[in-house]
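Breakdown of the fold
These are the residues of each chain, in order.
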2 protein chains.
Amino acid sequence: MNKQFSILNGNLIPSSEATIPISDKGYFFDFAVYDSLKIIQGKLFFPEFHIDRLLFSADQIGLKHHFDKKQIIKWINLLVEKNNLANYSIRTILIGDPDNGKQPKLYIFPVTGITYAPNECYSKGIKTISCVGQRRFPQAKTVDLLLAYTAKRTAKQADAKEVLMVDYDGFICEGGSSNFLAIQGDKLITPPREKCLEGITKKIILEIAKNNFEIIEKDILLTDLKNYDEFFITSTLKNVMPIRQIDDLVVTDKFPQTKKIMKLYKDYYTKNILNN
Amino acid sequence: MNKQFSILNGNLIPSSEATIPISDKGYFFDFAVYDSLKIIQGKLFFPEFHIDRLLFSADQIGLKHHFDKKQIIKWINLLVEKNNLANYSIRTILIGDPDNGKQPKLYIFPVTGITYAPNECYSKGIKTISCVGQRRFPQAKTVDLLLAYTAKRTAKQADAKEVLMVDYDGFICEGGSSNFLAIQGDKLITPPREKCLEGITKKIILEIAKNNFEIIEKDILLTDLKNYDEFFITSTLKNVMPIRQIDDLVVTDKFPQTKKIMKLYKDYYTKNILNN
């Protein structure tokens, strides 16, 4: 695996030169958005969804630029080809210019190999902890990441695999780096779209599960967990992962409905991603 | 004015080489703290207070490092001397390593010249607007700055000179880049210390005003402004600046008590900073 190339504003550069001045005002003020994409068996996983979201994130924080989706995807494909990436994660970071005097900067670079969670996370479900905190722009993937970083660090110290972010009204909005969904009978419940990032995996789940479940968008209170049957998280790197425990409460050790969704997703994934 | 040198981990480097890899994990996750210092007539303005605060900020977010106050101040002085800075602002940024595998990085670099606010800001007071939002670590100066940046941008669009950050309970905590104080008769009221950054100017004000005012630390409700007589902000670059308007409410166009504090501060400043 070769990681020697990165891309800046469409130009292939050595990764060692993919740097920014420490005095860069846009990055300093977190006036920047990003998206991470996975490459599986040399194929990009839904690049259109990811770049749509990158551009939507920029729009949400008022970051103006002249980049276009097709052009960015072409550059990503060039990076995958030049670095000969097979199973890898790459990142796009779009940094704005607060003074509007210069051009924004778009970096595309390889980040890390794909490592999968242990099987028992899927068979037994994971422990999670809750953490109070609201992101400034919940629908945008901004580099304003201290909240997520410190919350996930706390989760790790508590031997939890994910943190669930709870807003100041007590509603669970999303995971530290995942989406959160609940099941009640045949209802699949997802927090209101304005309160969380639109995950690519979640988007797919909602689409493929709609024949088996009634999809409901509504607030989920942390203090109200006993009124639900199952919970799970979704993310590009975790796929569908059942939750066994939230804080000290073991919410369930059985998740028949979540397993149905895991199966639906696996079938979809195999058919549409791997065999495509 | 020469800005050609910066400092990385104690080493003088050309400013053009003061860069970080776009893949740097610590900076990406906002696992970094900073402080800005002003240099007036070639003299550093309370460097000990600033570096104490930088190290306190690091401690607040659990950023471990091996730097020490005296050493950092020596480096700052070296930077001032080598760049021949007279009236300037410099910044220190300490970036942690999330994986604890490498050394943290401490950058010190010149940022900008000192520009003062127009006189009428001081004679007539300024317009401010309120904005709801809480910082993750209110007592720390972290690079988690999107909230402050977008709030200040909104203020600018509303022709306001500062934004007042209001927490989710409706209390005014601090300005976007200043401290907020209120006056009620002979009482000088400051929001609870755990809810805002400890400003250097505010710290000095509380010390020099304590013979003339009773200092009270308590919450100030945005909806309760009519119960106060005057409001002002403090910051390293603004000193003491009276507030005329908050959102649509003209709170006062007279500020006799604030003027007393402005005078106390000016006398202190002239005696202890300029003639020292």
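Residues numbered from 1 in each chain as written. Chains lettered and ligands numbered in written order. Predicted model: local features only at pLDDT ≥ 70, side-chain atom pairs only at ≥ 80, totals over all residues. Heavy atoms only, no water.

Looking up chain A in an unreviewed UniProt entry gives the name Branched-chain amino acid aminotransferase. Listed under Cofactor (unreviewed entry) in UniProt, the entry text for chain A is "pyridoxal 5'-phosphate". Per its UniProt entry, chain A bears the Sequence similarities (unreviewed entry) comment "Belongs to the class-IV pyridoxal-phosphate-dependent aminotransferase family." (UniProt positions renumbered as here; feature names shortened; annotations may be inferred.)

What to know about the packing of aromatic side chains
Scanning the entire structure with this criterion turns up 24 aromatic pairs over all chains. For the ring pair Phe31(A) and Tyr149(B), a centre distance of 4.9 Å and an interplane angle of 50° mean the geometry is tilted. In this pair, Phe31(A) sits in the loop between helix 1 (25-28) and strand 4 (32-40) while Tyr149(B) sits in helix 5 (residues 146-157), so the two residues belong to two different chains. An identical accessibility class is assigned to Phe31(A) and Tyr149(B); each is buried. Plain terms: the ring middles of Tyr265(A) and Tyr269(A) are 5.7 Å apart, the flat faces sit at 45° to each other, and that makes the pair tilted. Of this pair, Tyr265(A) and Tyr269(A) both sit in helix 7 (residues 256-274), four residues apart, roughly one helical turn. By way of ring pairs, the aromatic residues Phe28(A), Phe29(A), Phe31(A), Tyr34(B) and Tyr149(B) are connected into one cluster. Above the plane of the ring of Phe45(A) lies Lys38(A), whose end atom (NZ or CZ) is 4.5 Å from the centre. (Phe/Tyr/Trp six-rings, centres within 6.5 Å; stacked < 30°, edge-to-face > 60°. Helix = DSSP H or I, 4+ residues; strand = E, 2+ residues; numbered from the N terminus. Buried < 20%, exposed > 50% of the residue type's maximum accessible area, 1.4 Å probe, protein only. Lys NZ or Arg CZ within 6 Å of the ring centre and 35° of its normal.)

Structural notes on the pairing of strand 14 (residues 230-235) of chain A
Residues and elements named next belong to chain A. With six of six residues buried, strand 14 lies mostly within the body of the structure. The two faces of strand 14 match: Glu230, Phe232 and Thr234 on one face and Phe231, Ile233 and Ser235 on the other face are all buried. As judged from the five bridges shared by strand 11 (residues 179-184) and strand 14, these two strands associate in the antiparallel manner. In the sheet register, Ala182 faces strand 14, and the bridge partner there is Phe231. Here strand 14 runs beside strand 15 (residues 239-246); their pairing, made up of four bridges, is antiparallel. Counterpart to Ser235 in the pairing with strand 15 is Asn239. (Pairing = 2+ DSSP bridges.)

Re helix 5 (residues 146-157) of chain A
Residue and element names in this part refer to chain A. Taking 1.5 Å of rise per residue, 12 residues should cover 16 Å, and helix 5 covers 16 Å from first to last C-alpha, within 8% of that figure. Buried within helix 5 are the following residues: Leu146, Leu147, Ala148, Tyr149, Thr150, Ala151 and Ala155. Buried-residue contacts for helix 5 involve strand 8 (126-132) and strand 9 (162-166). Once helix 5 ends, the next one or two residues include Asp159, with phi positive near 60°. (Expected span 1.5 Å × (residues − 1). Contact = heavy atoms within 4.5 Å.)

Section: the relation of the copies chain B and chain A
Once chain B is rotated about the relating axis by 180° and shifted along it by 0.0 Å, it coincides with chain A to within an RMSD of 0.0 Å. Here the two chains are linked by the operation of a two-fold rotation axis. Residue by residue, 100% of the interface of chain B is reproduced at the interface of chain A, so both copies engage with the same surface. (Least-squares fit on C-alpha atoms with pLDDT ≥ 70 in both.)

Some words on the side chain of Ser235(B)
Mapping Ser235(B) onto the fold places it in strand 14 (residues 230-235). Contact partners of Ser235(B), with chain neighbours within four places excluded, come to Ser177(B), Ser178(B) and Thr201(B).

Digging into the sheet that holds strand 5 (residues 43-44) of chain A
Residues and elements named next belong to chain A. Taken in spatial order, the six strands of this open sheet run 2-1-7-6-4-5, and their pairing is antiparallel. The open sheet is flanked by strand 2 (11-14) and strand 5, the only strands paired with a single partner. Pairing of strand 4 with strand 5, which is carried by two bridges, proceeds in the antiparallel orientation. When the sheet's bridge partners are listed, Ile39 is paired in strand 5 with Leu44. On the sheet, helix 2 (residues 47-60) packs against strand 4, strand 5, strand 6 (88-95) and strand 7 (105-113) and is oriented at approximately 175° with respect to strand 4. (Axes fitted to C-alpha atoms, helices over the stretch in contact; angles between N-to-C directions.)

So, the sheet that holds strand 2 (residues 11-14) of chain B
Residues and elements named next belong to chain B. A sheet is described by the order of its strands in space; here six strands give the open sequence 2-1-7-6-4-5, paired in antiparallel fashion. Where the open sheet ends on each side, the last strands, each with one partner, are strand 2 and strand 5 (43-44). Note that strand 1 (residues 5-8) and strand 2 share four bridges and pair antiparallel. Across the sheet, Ser6 pairs through a bridge with Ile13, a residue of strand 2. Packing against the sheet, helix 3 (residues 69-83) makes contact with strand 1, strand 2, strand 4 (32-40), strand 5, strand 6 (88-95) and strand 7 (105-113), and its axis sits at approximately 40° to strand 7.

A short note on the domain arrangement of chain A
All names here are of chain A. Here chain A is described as being made up of domain 1 (5-113) and domain 2 (119-274). Put simply, the middle of domain 1 and the middle of domain 2, counted by C-alpha atoms, are 26 Å apart. Opposite the 21 residues of domain 1 that make contact, domain 2 presents 22 residues. Summing the contributions of domain 1 and of domain 2, the shared interface buries around 2,000 Å²; its carbon and sulfur component is 66%. Contact with domain 2 buries area across many residues of domain 1, yet Tyr34, Phe45 and Arg53 alone supply 29% of it, more than any other trio. Summed over the shared surface of domain 1 and domain 2, the number is six residue pairs in polar contact (both at pLDDT 80 or more). (Domains from an automatic or database assignment. Buried area = accessible area lost by both parts, 1.4 Å probe. Polar contact = N/O pair within 3.5 Å; in protein donor to acceptor, adjacent residues only side chain to side chain.)

A short note on the pairing of strand 15 of chain A
Residues and elements named next belong to chain A. With seven of eight residues buried, strand 15 is to be regarded as a mostly interior element. Note: strand 8 against strand 15, three bridges, orientation parallel. The partner of Thr128 across the bridge, within strand 15, is Ile246. Linkage of strand 14 to strand 15, two consecutive antiparallel strands, is achieved through a turn of three residues. Here strand 15 runs beside strand 16 (residues 249-250); their pairing, made up of two bridges, is antiparallel.

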